[in-house]
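Listed below, chain by chain, are the residues.
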Amino acid sequence: MIIRNVHVENDEAIGDVRIDDGVFAQIGGSADSVGIRAAGTDRAGVNGGRAAADHRDGTSAQVSRPGETVIDGQGGVLLPPFVDPHVHLDAALTAGDPEWNETGTLFDGIRIWSERKKSLSVADVKDRARRTIDMMVRHGIQHIRSHVDVTDPGLVALHALLELKSEVEQYADLQLVAFPQEGILSYPNGKALMQRAVSEGADVIGGIPHFEFTRDYGVESLKFLVDLAVKNDRLVDVHCDEIDDPASRNLEVLATLALENGIGDRVTASHTTAMGSYNDAYTYKLFRLLKMSGISFVSNPLVNMHLGGRFDTYPKRRGLTRVKELDADGINVAFGEDDIRDPWSPLGAGNMLDVVRMGVYAAQLMGYSQIMDSYKYVTYNGAKALHIDDHYGIEVGKPANCIILNASNFYEALNENDEVLYSIRAGKVIVSTRPHVTTLR
Ligand code: 17E
Ligand code: FE2
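Values in this document were obtained by computation on a predicted structure and should not be read as measured data.

(A) Geometry of the pattern of salt bridges. Evaluated as defined, the whole model comprises 28 salt bridges. Two residues, R65 and D20, come together in a salt bridge whose shortest N-O distance is 3.1 Å. A residue pair is termed long-range when its members are at least 10 positions apart, and R65 in the loop between β3 (23-27) and β4 (70-79) and D20 in strand β2 (residues 15-20) qualify at 45 residues. Exposure remark for D20: the relative accessible area of 24% places this residue in the partly exposed category.

Written as structure tokens, this is what we have:
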């Protein structure tokens with residue numbers, strides 16, 4: 001396959017991309033180009049780089065072979081597929097059932113979900129999750145990490161999503177987190193449920209230390225879950241300190257456990273919104289540990305702007321973690337959507353452009369190059385958190401997964417909420433969109 005007429009990762013130049021046998025064979029230039037970008041080369045537009053000329057020779061376009069599929073990229077921007085590193089597919093599309101969350105607090109969300117959970121069936125979860133994944137794939141997402149509530153003696157949601165995982169794999173890969181929504185120590189048989197979830201196939205171990213009854217339970221839950229991950233060779237992704245409480249300091253425990261076990265690249269701290277309330281002296285000390293540990297962060301700007309600050313009058317906190325500061329310190333931060341029409345958020349379309357837009361506003365990342373580069377929060381940084389970065393990205397030799405947006409660069413795409421013209425996975429087109437046409441009269 002040859003993709004013509006695209007801006008690769010915000011490159012100002014137009015080029016072509018060749019895919020052979022499901023992997024990227026050439027990026028830009030002609031078939032005998034000297035300017036092929038090899039694996040390991042800096043990515044244009046990310047990590048401070050800009051429209052690198054390193055992989056452009058500015059000469060003739062690639063020549064298509066007889067019978068080869070040719071895709072016209074229409075001058076759009078070609079990016080790696082979007083990654084949603086944090087979503088709750090088991091709860092998706094339940095908003096209003098059995099009641100709407102009128103207070104907008106995390107805690108009312110958990111209470112309402114706990115009611116809805118009683119009527120889950122495998123068919124119900126699969127139906128909603130499949131419709132949600134369809135929305136996500138249409139918007140260019142190909143990599144998803146879903147938390148799945150395992151504080152349920154029947155593990156119904158986990159069974160449903162494990163079935164769905166293989167049914168959708170040609171469109172998206174799905175990592176499933178054993179997520180103890182109501183606690184590990186604070187829920188009956190919480191530890192046994194976590195162990196069962198792992199033996200039944202959960203890829204990632206979760207936790208919710210700030211929601212445990214006591215600080216001690218929080219710490220014990222973290223020790224338990226890291227141990228479970230190490231023994232079973234799983235990744236870790238903890239809902240950590242999602243509360244506007246400056247005394248919620250489970251993150252330091254998680255980072256220490258990651259450091260001491262040497263598994264920082266396999267550990268993610270999600271939400272960490274209490275960091276928005278920590279004092280600067282403590283945060284300064286904490287950042288040394290965070291950096292040493294090598295863990296990743298996932299911020300969920302849409303949902304935490306909505307759930308955060310709910311117990312404040314004024315001044316009212318934003319409810320986000322310190323995205324800009326983590327990023328500036330070289331710590332990996334990605335953005336997730338978290339909720340798609342459920343007890344925690346009544347809105348959601350499975351579109352990472354919405355997430356990035358809220359993220360750059362709320363984290364005050366609105367310099368021109370910050371906006372241009374902001375796709376990294378929903379592409380490369382998400383892939384790193386998911387621990388899939390070795391086979392992710394627009395590089396020769398990597399699986400040919402990419403999207404083409406109907407805009408010449410990401411700044412334009414974010415402004416126009418532009419369509420995904422194509423989503424290509426392992427060299428096959430899985431999504432194509434005909435751009436809408438509006439006529440002014
Ligand atoms: N559960 C939780 O503890 N926190 C969240 N943000 C969501 C579910 C969506
Ligand atoms: Fe979450």
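(B) Geometry of the packing of helix α4 (residues 190-200) against helix α5 (residues 215-232). Where α4 contacts α5, the axes come no closer than 11 Å and their chain directions differ by 25°. Put simply, α4 runs roughly parallel to α5. At the point where α4 passes α5, the crossing takes the right-handed sense. On the side of α4, the interface is formed by K191, M194, Q195 and V198, while α5 contributes E220, F224, L228 and N232. Across the contact of α4 with α5, the residue classes break down as four nonpolar, two polar and two charged.

(C) Highlighting the coordination of the iron ion (ligand 2). Protein coordination at the iron ion (ligand 2) comes from H86 (NE2), H88 (NE2), H239 (NE2), H271 (NE2) and D338 (OD), with a distance range of 2.2 to 2.7 Å. Along the chain, the residues donating to the iron ion (ligand 2) are arranged with the sequence spacing H-x1-H-x150-H-x31-H-x66-D. Here H88 is found in the loop between β5 (82-87) and α1 (106-117), whereas its partner H271 is found in strand β10 (residues 267-271), with 183 residues between them in sequence. The burial state of H88 is the same as that of H271; both residues are buried.

(D) Fine view of the environment of D418. With respect to the secondary-structure elements, D418 resides in the loop between α13 (410-416) and β14 (420-425). Distance in space between the C-alpha atoms of D418 and T94 is 27 Å, their sequence separation being 324 residues. Leaving out residues up to four positions away in the same chain, D418 has contacts with L353, N406, A407, E412 and A413.

(E) Spotlight on helix α6 (residues 250-261). Counted at 1.5 Å a residue, the expected span for α6 with its twelve residues is 16 Å, and the 17 Å between its end C-alpha atoms agrees. Considering only its buried residues, α6 is in contact with α5, β9 (235-240), β10, α7 (280-293) and β11 (296-299). Phi turns positive, to about 65°, at G262, one or two residues after α6.

(F) Region of the structure containing the packing of aromatic side chains. Scanning the entire structure with this criterion turns up nine aromatic pairs. Centre to centre, the rings of Y278 and Y282 are 5.1 Å apart; their planes meet at 85°, and the pair counts as edge-to-face. Under the relative-accessibility criterion, Y278 is labelled buried at 5%. For Y282, a relative accessible area of 9% puts it in the buried group. Centre to centre, the rings of Y380 and Y392 are 5.6 Å apart; their planes meet at 85°, and the pair counts as edge-to-face. One end of the pair, Y380, is in helix α12 (residues 380-385); the other, Y392, is in the loop between α12 and β13 (402-405), and twelve residues separate them in sequence. For the pair Y380 and Y392, one class covers both residues: buried. The ring of Y282 carries the charged tip of R249 above its face, separated from the ring centre by 3.5 Å.

Cut-offs used in this document
Residues numbered from 1 in each chain as written. Chains lettered and ligands numbered in written order. Predicted model: local features only at pLDDT ≥ 70, side-chain atom pairs only at ≥ 80, totals over all residues. Heavy atoms only, no water. Salt bridge = Lys/Arg side-chain N within 4 Å of Asp/Glu carboxyl O. Helix = DSSP H or I, 4+ residues; strand = E, 2+ residues; numbered from the N terminus. Buried < 20%, exposed > 50% of the residue type's maximum accessible area, 1.4 Å probe, protein only. Axes fitted to C-alpha atoms, helices over the stretch in contact; angles between N-to-C directions. Parallel < 35°, antiparallel > 145°, perpendicular 65-115°, else oblique. Left-handed = near helix turned anticlockwise from the far one by under 90°. Contact = heavy atoms within 4.5 Å. Nonpolar A, V, L, I, M, F, W, Y, C, P; charged D, E, K, R; others polar. Donors = N, O, S within 2.8 Å, 3.2 Å for Na, K, Ca; no water. Expected span 1.5 Å × (residues − 1). Phe/Tyr/Trp six-rings, centres within 6.5 Å; stacked < 30°, edge-to-face > 60°. Lys NZ or Arg CZ within 6 Å of the ring centre and 35° of its normal.

Note that every value here comes from positions in space, so none of it alone points to a role or purpose.
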